[in-house]
Amino acid sequence: MYPSKRMIQCKYKHLFFINFLLFFLFITHCNGQDLRHPEAYSSQYDIAYQQPYPKRWFLIDSIRSNLFTHLKSQEGYLFRIAVAELAAKQHNDDKALLIAQLAKMDYLQRSSKVDLRTFEDWYKSSLEEADRVDFAEIKAALTFLYAVNLRLNYQQDVLSLYFLNKAIEYSNRLKEGNSTQKGLLLSGVTRIFYQFDDFANAVRYGKEVEKYNINQVEKFLTLDIVGVSYLKLKNYDSAQIYVDKSLRMFHQDFAKEDDKKVWYGILMGNKAHILKGLGNLTSAIQHYRIGIEETSKHNLLDNTCRFAIGLADLYLAQNNITEASKLISLAKQATYSQGNESDHLQLHQLLSNYYKEVGNMSLVVFHKDSTQYWTEILEKRRGKNVQIQADLKLETERRRNAEMTLDENIRQQEINRIITIVIILLVTGIAFVWILRQRLVMKVKEKELKIQQQEAEKQVLIEQEKAKREQLLAQLKLEEFTNIIVAKNKQIEMLEAENDRGKNDTSIRQLQSNSLLTEEQWISFKLLFEQVHIGYLTRLKEKIPGISPAEIRFMALAKLKLDSKEMASSLGVSPNAVRNVWFRLRKKIDLSEDATWNDFADTI
């Protein structure tokens, strides 16, 4: 409908100083580039990396678009992108690298069709990378490029519309700070919906573009599409409003640019259609003539044929056959050269009516048949569009269900993860509590054991103390017994020394025969002795297996360090009896004659 955007020399006129700077850089560095060394030019992007996003994105695109514009070959364009990629890597900016890769794929799709599988993989990986680097703003641009090329290069209209809506969804999530990118995206979306004959959506999104601060060319083209879409919908009043906006914008911004003067002819022809629809036929004729003249002069015959057909049809309606016939040849030539299916249908409808007026019925029949043919073509096209819309609903529903299923699976996985974590924490908690309890139990047991040990030790000490007291008591009693024996002997000795032997002989013999160790006393004595000299009597019996009870008694007294007289006194026998016992005992154990009771007792 309009010339390519490649005719645009300055992308953002409202930032004149930036374009001036870029032009200066272009003049300075665009001559004699060595395409093998992009690193020599990457510094040209330094000015962009001094700004935050989204302004950085705008500057990167501006620099790439304005530098090295004389490099028209594929190698030259890819060199420009290589410089942008290298600059992004040097500045460690993954977002800028993604911007450069987006521009590269856009060029590759426009210059040479990329394999569909490769294109799909690129799109998916780019979205993943956008998520990884937290660059939600570029997801709309990635998806829009994907949607456009699904239609243009792969004829997948249903998927194209689906991802076009997806791009809009991403765009609606953008913050206000990304208004330029969102405005450019909506401008492109408007064109795609218009190409799909979805004029309602073209109007809807085209009107949104007005509020965004984008370059004037983009805004102008979008306003014109809105006006034409209203015209297709036969909403002539709204169509006139937007065509008049476009005309005012043209006179204000583009009238002096030679390569854009043809836009005036297109606008005047479109307004003629609107005036004709509103019934203002005189003004419509004037606008048609201007539109036909300007578009034919610039060889935009796709527009010329529509305007010529429209004006000729108006003249036929006024029964002005002469003026209509002047336009028939131009209408046929322009339509056959550049007209679309709708143009062919309108041409044959016009020719059928025209030849009916001039009375050439054979041509009337011919053009009626052609009208029927082109009507069927357009019906198929409309049917295809209806089918595309139906398939789009199914595809949208299918993908929505798939996304819901995926979301549900992710949610379920998250729930399972949470449950697993809770179970692990619960088990860990239980184990921790169990361990604490076991430690507490062990501590209690250790404490109880310690208390028991302390009690046992205390009891042992008590027993030992008791044993010591009993041993001491036994020792005292033994000493008392010894002292009694010593005292008895001293008494005997005193009686013998102080008294006449004959006179006291009976008393002395009585005292000597008085035994201190009766059988009952021996038992008591033996208990006391064993408490003081533990194990002595047992070891004695083991050393002298055949020792007699009397000999045992003598050996016990010997342990108390008693001499023969003291032993004799305690047992109530004579000293000779004691010596006889010792003589026999010494023979049993084969002791020398000079061995004494006490010496032998100490060896036991």
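Residues numbered from 1 in each chain as written. Predicted model: local features only at pLDDT ≥ 70, side-chain atom pairs only at ≥ 80, totals over all residues. Heavy atoms only, no water.

### Considering the overall build of the protein chain
Of the regular secondary structure elements, the protein chain holds 24 helices and zero strands. Per-residue burial over the protein chain gives 42% buried out of 604 residues. At a minimum sequence separation of 6, the contacts of the protein chain that also span at least 24 residues come to 64%. (Helix = DSSP H or I, 4+ residues; strand = E, 2+ residues; numbered from the N terminus. Buried < 20%, exposed > 50% of the residue type's maximum accessible area, 1.4 Å probe, protein only. Contact = heavy atoms within 4.5 Å.)

### Quick look at the environment of R381
Here R381 is to be found in helix α17 (residues 361–498). Exposure remark for R381: the relative accessible area of 29% places this residue in the partly exposed category. Distance in space between the C-alpha atoms of R381 and D197 is 9.8 Å, their sequence separation being 184 residues. With residues up to four places along the chain from it excluded, the contact list for R381 reads D197 and E341.

### What about unusual backbone geometry?
At the junction of Y53 and P54, the peptide bond is cis and its omega measures out at 10° in the coordinates. Inspection of the secondary structure puts P54 in the loop between α1 (16–29) and α2 (55–66).

### Observations concerning the packing of aromatic side chains
Given two aromatic rings, one states the distance between the centres and the angle between the planes to describe the pair. Evaluation of the coordinates by the stated rule reveals 24 aromatic pairs. Ring centres 5.0 Å apart and planes at 85° place the aromatic pair Y162 and F163 in the edge-to-face group. Each of the two residues, Y162 as well as F163, counts as buried. Look at F220 and W263: their rings are 4.9 Å apart centre to centre, the planes differ by 15°, and that puts the pair in the stacked class. Taken together, the residues span a long stretch of sequence, with F220 in helix α10 (residues 216–232) and W263 in helix α12 (residues 262–278) at a distance of 43 residues. On the basis of relative accessibility, which here comes to 0%, the residue F220 falls in the buried class. (Phe/Tyr/Trp six-rings, centres within 6.5 Å; stacked < 30°, edge-to-face > 60°.)

### As for α12
Compared with an ideal rise of 1.5 Å per residue, which puts 17 residues at 24 Å, α12 spans 25 Å between its outermost C-alpha atoms and is within 8% of the ideal. Burial analysis of α12 places 13 of its 17 residues in the buried class, which makes it a mostly covered element. One or two residues past the end of α12 sits G279, with phi positive at roughly 90°. (Expected span 1.5 Å × (residues − 1).)

### Re a nonpolar patch on the surface
Judged by side-chain polarity, I419, I423 and V427 come together as a nonpolar surface patch covering roughly 260 Å² of accessible area. The topology assignment puts V427 in helix α17. Judged by its relative accessible area of 48%, V427 falls in the partly exposed class. (Patch = residues over 30% accessible without salt bridge, like charges linked within 9 Å, V, L, I, M, F, W, Y side chains within 5 Å. Areas by Shrake-Rupley, 256 points an atom, 1.4 Å probe, with all protein chains shown as cover. Salt bridge = Lys/Arg side-chain N within 4 Å of Asp/Glu carboxyl O.)

### Quick notes on helix α4 (residues 94–111)
A rise of 1.5 Å per residue sets the reference length of α4, with its 18 residues, at 26 Å; its end C-alpha atoms lie 26 Å apart and thus fit the reference within 8%. Among the residues of α4, A96, L97, L98, I99, A100, L102, A103, M105, Y107, L108 and Q109 are the ones counted as buried. Check the buried side of α4 and you find it contacts α2, α3 (74–90), α5 (116–132) and α6 (137–152). For α4, the N-terminal cap is D93; the gap from its side-chain oxygen to the backbone nitrogen of K95 is 3.0 Å. (Polar contact = N/O pair within 3.5 Å; in protein donor to acceptor, adjacent residues only side chain to side chain.)

### Considerations on the packing of helix α14 (residues 301–317) against helix α15 (residues 321–338)
Two quantities define a packed helix pair, namely the angle between the helix axes and the distance between the axes. For the pair α14 and α15, the least separation of the axes is 8 Å and the interaxial angle reads 155°. The pairing of α14 with α15 is recorded here as roughly antiparallel in orientation. When the axes of α14 and α15 are compared, the crossing they make is left-handed. Together, L301, D302, T304, C305, A308, I309, L311, A312, Y315 and L316 of α14 and I321, E323, A324, L327, L330, A331, A334, T335, S337 and Q338 of α15 make up the contact between the two elements. Here the contact of α14 with α15 is built from residues that sort into 14 nonpolar, four polar and two charged. (Axes fitted to C-alpha atoms, helices over the stretch in contact; angles between N-to-C directions. Parallel < 35°, antiparallel > 145°, perpendicular 65-115°, else oblique. Left-handed = near helix turned anticlockwise from the far one by under 90°. Nonpolar A, V, L, I, M, F, W, Y, C, P; charged D, E, K, R; others polar.)

### What to know about the side chain of S246
Among the structural elements, S246 can be located in helix α11 (residues 236–253). In contact with S246, other than residues within four places in its own chain, are F220, L223, D224 and L267.

### A word on the confidence of the model for the protein chain
In this model, the protein chain carries an average pLDDT of 83, and 89% of its residues clear a pLDDT of 70 or more. Here residues 1–32 is a poorly scored stretch, pLDDT under 50, and it has 56 contacts once near neighbours within four places are set aside; other chains count. (pLDDT = per-residue confidence, 0-100.)

### A few points about the packing of α10 against α11
The interhelical angle for the contact between α10 and α11, taken along N-to-C directions, is 155°, at an axis separation of 7 Å. In terms of their interaxial angle, α10 and α11 are classed as roughly antiparallel. Viewed along their axes, α10 and α11 form a crossing whose handedness is left-handed. In this structure, α10 contributes Q216, K219, F220, L223, D224, V226, G227, Y230 and L231 to the contact, and α11 contributes Y236, S238, A239, Y242, V243, S246, M249, F250 and D253.

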